[in-house]
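Letter by letter, the chains look like this.
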2 protein chains.
Amino acid sequence: MLKDILDNSQNYQPGLSIDCVIFGFHDNQLKVLLIEVENTQKWSLPGGFVPLDQDIDTAAITVLNSRTGVEGIFLRQFAVFGKVMRNHNHFGEEVLKSMEISEEGSKWLTQRFVTIGYYALVDFSKIVLNPTNKSETVKWIDHKEVPELILDHKEILDKALDTLRAELNLMPVGYNLLPEKFTVPEFQKLYETILDKKLDRRNFFRKITNIGILTKLDEKKNNVAHKAPNLYSFDKEKYDEVLKNGLNQGW
Amino acid sequence: MLKDILDNSQNYQPGLSIDCVIFGFHDNQLKVLLIEVENTQKWSLPGGFVPLDQDIDTAAITVLNSRTGVEGIFLRQFAVFGKVMRNHNHFGEEVLKSMEISEEGSKWLTQRFVTIGYYALVDFSKIVLNPTNKSETVKWIDHKEVPELILDHKEILDKALDTLRAELNLMPVGYNLLPEKFTVPEFQKLYETILDKKLDRRNFFRKITNIGILTKLDEKKNNVAHKAPNLYSFDKEKYDEVLKNGLNQGW
């Protein structure tokens, strides 16, 4: 919790924080994990500080876990945010007093902070939320209905979304987000949800099958009125290979 | 210079540095800009610290300029390096004493540092090297003949090279690196040099012309014995468009 950290600020990297943008996909919805800031109408990304004895990538996992309970997901750095005034006057004098922290802790908290952005894309239905601080509200919020965020968190979120979208051009996305057996239209819906636009059915089919990560199953989707679509599964070996080498081994 | 910074360490973001990986291409060579560390056999990337009154992106430009004289190039963040022990014991007690810095400056310098990596790709023949510190040797060194580097600078360099190579799948590269009029084989050489591998001539021709950024000129390359290759130039408008939207607007 913040007070514990500020009472031991000498154990943390000064002026450096971490913010996590966790995107959750399920059933054609793209949500983002946010925390309500106590006694305000505002929300924030799950963020925190870097213990002196932790690598930054480890600290990102620690921060996310302690704020939300989320564990076992792979976080990737995507950008550093370091405008001079980004946290200037963020904590007013009143707030600092009400937190009952030492002068040292207060000085530590109000110094200039540079923050490292980490992101991940997960299936939100499989994630257990369990914040350490029980008075904090942690929630999946539709990425199109994000309320006002503190500091430059909207900018951080937007940049993470840009990165996620660019990622579709670099590597396959979908494993762990789709059911074990899925149709190409279901796969297309995932891409459409992330990109927030309609895609051409034939183009998508051609491109996605060209990648060579899909195994066509000898089964059709049930419960479909007519022209039942084929079911596919991921060829995990091929998937991992493309993940490693990138989509465009092409040059 | 380092001593000036350490005498005024309160004006700098604590525990945060910047390192720049500047790749230089010219005449089918890919080099990297390095600085010789005084009185050692080792080299380092041009790096430095973040003034409290500068955004990190501005500080990167300041750092690069003061160490090498390089100006007017576009630097991009590519990763943050923050292992706990990355600069542990980097400056021995002897070295610290010989620098004649205050105890405060010495404490500041030996704290844990997290570093932000920035990179760029330029035509090295167009760059003027002019370091502020005249006793420092700044040099373009072939990327395959990089000598021993300090700290984790080899890791930073490798990661930047990975990023540069991945970039070829994301956006066109070549403007400002090739002459105004060039042949497709010359363009292919640029890609081969960056990727450090031979590419198939026909595949490359098909892919590069498909992007739609080349204008075929009504001229042939002179001084070629037989079958003079066509000359091309960049369609700058189209080039900028693809740069903005990415190579794979495809989904």
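Source: prediction; values computed, not measured. Positions within a chain are numbered from 1, following the residues in the order the chain's sequence is written. Ligands are numbered from 1 and chains lettered from A, in the order in which they are written. The model is predicted, so local features are restricted to residues of pLDDT at least 70 and side-chain atom pairs to those at 80 or more, both for listing and for counting; the totals for chains, interfaces and linings are taken over all residues. Note: side-chain values were computed over all heavy atoms of the structure, leaving out hydrogens and water.

A.B. asks: Please explain the domain arrangement of chain A as it appears in this structure.
C.D. replies: Many structure descriptions define interface size as the accessible area lost when the parts assemble. All names here are of chain A. The assigned domain composition of chain A is domain 1 (2-167) and domain 2 (184-245). Taken over C-alpha atoms, the centre of domain 1 sits 34 Å from the centre of domain 2. Every residue pair with non-hydrogen atoms within 4.5 Å of one another is taken to be in contact. Taken together, the 9 residues of domain 1 in the interface contact 6 residues of domain 2. Simply put, the buried area is the total loss of 1.4 Å probe accessible area from both parts when two parts are fitted together. Taking both partners together, domain 1 and domain 2 bury about 690 Å²; carbon and sulfur atoms supply 66% of that area. Contact with domain 2 buries area across many residues of domain 1, yet Phe-25, Asn-28 and Arg-165 alone supply 62% of it, more than any other trio. Each salt bridge in this description consists of a side-chain nitrogen of Lys or Arg and a carboxyl oxygen of Asp or Glu lying within 4 Å of one another. The interface formed by domain 1 and domain 2 holds 1 salt bridge in total. Close ionic contact of Asp-196 with Lys-144 constitutes a salt bridge, the shortest N to O distance being 2.8 Å. Nitrogen and oxygen atoms within 3.5 Å of one another constitute a polar contact, given that in protein one can donate a hydrogen and the other can accept it, and given that sequence-neighbouring residues count only through two side-chain atoms. Counting across the interface, domain 1 meets domain 2 through 2 residue pairs in polar contact (both at pLDDT 80 or more). Here a helix means four or more residues in a row that DSSP labels H or I, a strand means two or more in a row labelled E, and each is numbered from the N terminus. Secondary structure elements with two or more residues in the side of domain 1 that touches domain 2: strand E2 (29-36) and helix H5 (153-167). Each residue receives one of three labels: charged for Asp, Glu, Lys and Arg, nonpolar for Ala, Val, Leu, Ile, Met, Phe, Trp, Tyr, Cys and Pro, and polar for the others, Gly being one of them. Along the lines of polarity and charge, the residues of the side of domain 1 that touches domain 2 split into 4 nonpolar, 3 polar and 2 charged. In this document the domain limits rely on a domain assignment from an automatic tool or a database.

A.B. asks: Would you take a moment to explain the relation of the copies chain B and chain A for this structure?
C.D. replies: Superposition of chain B onto chain A requires a rotation of 180 degrees combined with a translation of 0.0 Å along the rotation axis, giving an RMSD of 0.0 Å. What the superposition gives is, in effect, a two-fold axis relating one chain to the other. For chain B, the smallest separation between a C-alpha atom and the rotation axis is recorded for Pro-14 of chain B, amounting to 3.2 Å. Taken as a fraction of all interface residues of chain B, those also at the interface in chain A reach 100%, which identifies the copy contact as same-surface. The fit set for superposing copies consists of C-alpha atoms from residues with pLDDT of at least 70 in both; the fit itself is least squares.

A.B. asks: Would you explain the nonpolar core in this entry?
C.D. replies: Nonpolar side chains tend to gather and get buried jointly when the protein is soluble and globular. Counting 50 residues, the largest nonpolar core has Ile-18, Ile-22, Ile-73 and Leu-75 of chain A together with Ile-18, Ile-22 and Ile-73 of chain B as its most contacted members. Residue contacts for Ile-18 of chain A: discarding those within four places in its chain leaves Pro-46, Gly-47, Gly-48, Val-50, Ile-56, Ala-59, Ala-60, Val-63, Thr-115, Ile-116 and Tyr-118 of chain A. Here, nonpolar core refers to any group of buried Ala, Val, Leu, Ile, Met, Phe, Trp, Tyr and Cys residues whose side-chain atoms link them within 4.5 Å. Type-normalised accessible area, obtained with a 1.4 Å probe on protein chains alone, sets the label of each residue: buried when under 20%, exposed when over 50%, and partly exposed for intermediate values.

A.B. asks: Where do I start with unusual backbone geometry in this structure?
C.D. replies: In most cases, non-glycine residues show a negative phi, while peptide bonds are predominantly trans. All names here are of chain B. Its identity is not glycine, yet Asp-27 carries a phi of approximately 50 degrees, on the positive side. Here Asp-27 lies in the loop between strand E1 (12-26) and strand E2 (29-36). Accessibility expressed as a relative area gives 58% for Asp-27, which makes it exposed. Phi is positive for Asn-28, which is not a glycine, with a value near 60 degrees. Here Asn-28 shows up in the loop between E1 and E2.

A.B. asks: Can you walk me through the packing of aromatic side chains in this structure?
C.D. replies: A ring pair, where both rings are aromatic, is described by two values, the distance of the centres and the angle of the planes. All names here are of chain A. Here a pair means two rings of Phe, Tyr or Trp (six-membered ring of Trp) with centres within 6.5 Å. Their orientation is stacked below 30 degrees between planes, edge-to-face above 60, and tilted elsewhere. Under the defined criterion, the tally for this structure stands at 32 aromatic pairs over all chains. Centroid distance Phe-187 to Tyr-191: 5.3 Å. Interplanar angle 80 degrees. Geometry classified as edge-to-face. In this pair, Phe-187 and Tyr-191 both sit in helix H6 (residues 184-195), 4 residues apart, roughly one turn of the helix. Grouping residues by exposure puts Phe-187 and Tyr-191 together as buried. Among the aromatic residues, those joined into a ring-pair cluster are Tyr-175, Phe-182, Phe-187, Tyr-191, Phe-204, Phe-234 and Tyr-239. Put simply, a charge is over a ring when the Lys NZ or the Arg CZ is close to the ring centre, within 6 Å, and near the line of the ring normal, within 35 degrees. A cation over an aromatic ring shows up here: Lys-236 above the ring of Tyr-175, its NZ or CZ 4.5 Å from the ring centre.

A.B. asks: What am I meant to see in the confidence of the model for chain A here?
C.D. replies: Low pLDDT means the predicted coordinates in that region are not meant to be read closely. As a per-residue quantity, pLDDT reports the predictor's confidence and falls between 0 and 100. For chain A, the average pLDDT comes to 92, and 97% of its residues sit at 70 or higher. At the low end of the mean pLDDT range in chain A sits helix H3 (residues 93-98) of chain A, at 86; at the high end sits strand E4 (residues 47-51) of chain A, at 98.

A.B. asks: Any chance you could explain the packing of H6 of chain A against helix H7 (residues 201-211) of chain A here in plain terms?
C.D. replies: Angle between the axes and distance between the axes: these two values describe a pair of packed helices. Residues and elements named next belong to chain A. Lines fitted to C-alpha atoms define the axes here, with helix axes fitted over just the stretch in contact, and angles between the N-to-C directions of these axes take values from 0 to 180 degrees. Interhelical geometry of H6 versus H7 gives an angle of 100 degrees and a closest axis separation of 10 Å. The orientation of H6 relative to H7 falls into the category roughly perpendicular. Contact residues: H6 offers Val-184, Phe-187, Gln-188 and Tyr-191, while H7 offers Arg-201, Phe-204, Phe-205 and Ile-208. Its residues assigned to classes, the contact of H6 with H7 shows 6 nonpolar, 1 polar and 1 charged. What sets the label is the angle itself: under 35 degrees gives roughly parallel, over 145 gives roughly antiparallel, 65 to 115 gives roughly perpendicular, and the rest give oblique.

A.B. asks: What is the right way to read the interface of chain B and chain A from this model?
C.D. replies: With 38 residues of chain B in contact, the opposing surface of chain A contributes 38 residues. Both faces combined, the contact of chain B with chain A buries some 2,900 Å², and carbon together with sulfur accounts for 58% of it. Our count for the chain B to chain A interface comes out at 0 salt bridges. The interface formed by chain B and chain A holds 16 residue pairs in polar contact (both at pLDDT 80 or more) in total. Each residue belonging to the side of chain B that touches chain A can be placed in one class, and the counts come to 23 nonpolar, 9 polar and 6 charged.

A.B. asks: I keep staring at the pairing of E1 of chain B and nothing clicks. Help me out?
C.D. replies: The side chains of a regular strand alternate between both faces of the sheet. Residue and element names in this part refer to chain B. Of all 15 residues in E1, 14 are buried; the element is thus mostly enclosed. At least two DSSP bridges between two strands are required for those strands to pair. The pairing of E1 with strand E4 (residues 47-51) spans 4 bridges and is classified as antiparallel. For Tyr-12, the partnering residue across the bridge sits in E4 and is Pro-51. Here 10 bridges tie E1 to strand E6 (residues 114-123), and the two strands are oriented parallel to one another.

A.B. asks: Got a minute to help me understand the side chain of Glu-167 of chain A in this structure?
C.D. replies: Residue and element names in this part refer to chain A. Secondary-structure assignment places Glu-167 in helix H5. By relative accessible area, which is 6% here, Glu-167 ends up buried. Once you skip the residues sitting within four places of it in the chain, Glu-167 turns out to touch Arg-76, Tyr-119 and Val-173.

A.B. asks: I would appreciate a short explanation of the pattern of salt bridges in the present structure.
C.D. replies: Residue and element names in this part refer to chain A. Using the criterion set out here, one finds 24 salt bridges over all chains in the structure. The salt bridge involving Glu-155 is made with Lys-83; its shortest N-O contact spans 3.8 Å. Separated by 72 residues along the polypeptide, Glu-155 in helix H5 and Lys-83 in the loop between strand E5 (76-81) and H3 bring together distant segments of the chain. A residue is classified by how much of its surface remains accessible, and Glu-155, at 38% relative accessible area, is partly exposed. In this structure Lys-83 comes out as partly exposed when scored by relative accessible area, which is 47%.

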